[in-house]
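# What the coordinates show
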Amino acid sequence: MSDKKVTVLDVQQAKKDGRKLVMVTAYDYPFGLMADEAGVDIVLIGDSLGMVVMGLEGTVEVTMEHMIHHIRAVVRGCKGPLVVGDMPFMSYNTSIREAIINAGRLMKEGGCDVVKLEGGIDFATTVEGIVKAGIPVQGHIGLTPQTASALGGFKMQGKDAKAAMRIIDDAKALEDAGVFSMILEAVPAPLGKLVAKAVSVPVIGIGAGVDVDGQVLVTHDMIGLFDKFVPKFVKQYTKIRPTIINALKAYKDEVVEASFPGTEHSFKMSDKALEQLKKLMPS
Ligand code: KIV
């Protein structure tokens, strides 16, 4: 977006200006630095870290402590983009009070700028409570991975007219509750367009077609670092995994055959010091 820190107001202005927002995930300091250097608008420390970093089956096991740990690392590298901390499952689901306390912890202990949580109409009062406490909230509707099992798995949402209307109603409820933007995941492209038209806040799509206000992808999917499961909506801009494995294999071979380290990777000692050392050593 620019050299200065991206704010919530900048994100909202982007929709008014018809400028697409660029959002990616990051989970540690090096990826925070790279996202910053690439000039993206928004960096999300998503609870997708459960799968792509921790090797879990889903996001349900991710805790507040995991999130705070990873947010702190990303924030150190990420000076320009707006940094979003994802609220993990059950950190906002039991009461508005607990939701406010946990949203506050992500900001105070993690250092993120704003928080994100999953859910539509059912979570509108929770969103309202957090926003009233002074914490900007990004919504997340359509496919909501934390409750994927209740939605029938990691499937496209809003397939028929009734289900699609529910998603539009979710978007409107979140807007009324005060979100500054929302994620829309895994819905038919025409529905993505309708949702973006229905609300005045930016709708950032992931598998929601091109006619939304911006795009987000999980970085580890997009660069082919995590390829156990590649959703239909992911474009792999590179396949970094084989490159890394080949480097590790080359290193392994060179260690085994003693061709690494060579002289260029070894420290020297003067002939004089070596002679003196040999004399000091017991024969
Ligand atoms: O956790 C995450 O990475 C997300 C993105 C899929 C938007 O919520």
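Just above, that's the structure.
Residues numbered from 1 in each chain as written. Predicted model: local features only at pLDDT ≥ 70, side-chain atom pairs only at ≥ 80, totals over all residues. Heavy atoms only, no water.

### Notes on the overall build of the protein chain
Scanning the protein chain from terminus to terminus reveals eleven helices and eight strands. Dimensions of the protein chain, computed from the C-alpha atoms along their principal axes, are close to 85 × 35 × 35 Å. In the protein chain, which comprises 283 residues, the proportion classed as buried is 48%. Considering only residue pairs separated by 6 or more positions, the protein chain has 59% of its internal contacts joining residues 24 or more positions apart. When the 32 basic and 34 acidic side-chain charges of the protein chain are each reduced to a single mean position, those positions are 1 Å apart. (Helix = DSSP H or I, 4+ residues; strand = E, 2+ residues; numbered from the N terminus. Buried < 20%, exposed > 50% of the residue type's maximum accessible area, 1.4 Å probe, protein only. Contact = heavy atoms within 4.5 Å. Lys, Arg positive; Asp, Glu negative; His and termini not counted. Charge placed at Lys NZ, Arg CZ, Asp CG, Glu CD.)

### Focus on the packing of aromatic side chains
Overall, the coordinates contain two aromatic pairs when judged by the stated rule. Aromatic side chains Tyr92 and Phe123 sit 5.4 Å apart centroid to centroid with 65° between the ring planes, which places their arrangement in the edge-to-face category. In this pair, Tyr92 is assigned in the loop between strand E3 (82–86) and helix H5 (96–110) and Phe123 in the loop between strand E4 (114–116) and helix H6 (124–132), connecting sequence segments 31 residues apart. Residue classification places Tyr92 among the buried positions, given a relative accessible area of 2%. Consider the rings of Tyr251 and Phe260, whose centres lie 5.9 Å apart with planes at 70°: the pair is edge-to-face. Owing to a relative accessible area of 33%, Phe260 belongs among the partly exposed residues under this scheme. (Phe/Tyr/Trp six-rings, centres within 6.5 Å; stacked < 30°, edge-to-face > 60°.)

### Things to note about H5
A rise of 1.5 Å per residue sets the reference length of H5, with its 15 residues, at 21 Å; its end C-alpha atoms lie 20 Å apart and thus fit the reference within 8%. Buried within H5 we find Ala99, Asn102, Ala103, Gly104, Leu106 and Gly110. Residue Gly111 follows H5 closely and has a positive phi angle near 100°. (Expected span 1.5 Å × (residues − 1).)

### Some thoughts on a nonpolar patch on the surface
Taken together, the side chains of Met269, Leu274, Leu277 and Met281 make up a nonpolar region of the molecular surface, amounting to roughly 360 Å² of accessible area. When you line up the elements, Leu274 lands in helix H11 (residues 271–280). (Patch = residues over 30% accessible without salt bridge, like charges linked within 9 Å, V, L, I, M, F, W, Y side chains within 5 Å. Areas by Shrake-Rupley, 256 points an atom, 1.4 Å probe, with all protein chains shown as cover. Salt bridge = Lys/Arg side-chain N within 4 Å of Asp/Glu carboxyl O.)

### Observations regarding the environment of Met182
Along the chain, the position of Met182 falls in strand E6 (residues 181–185). For Met182, a relative accessible area of 0% translates into the label buried. With 65 residues separating them along the chain, Met182 and Leu117 place their C-alpha atoms 9.3 Å apart. Contact partners of Met182, with chain neighbours within four places excluded, come to Gln138, Gly139, Ile141, Ala171, Leu174, Glu175, Val199, Val201, Pro202, Val203 and Ile204.

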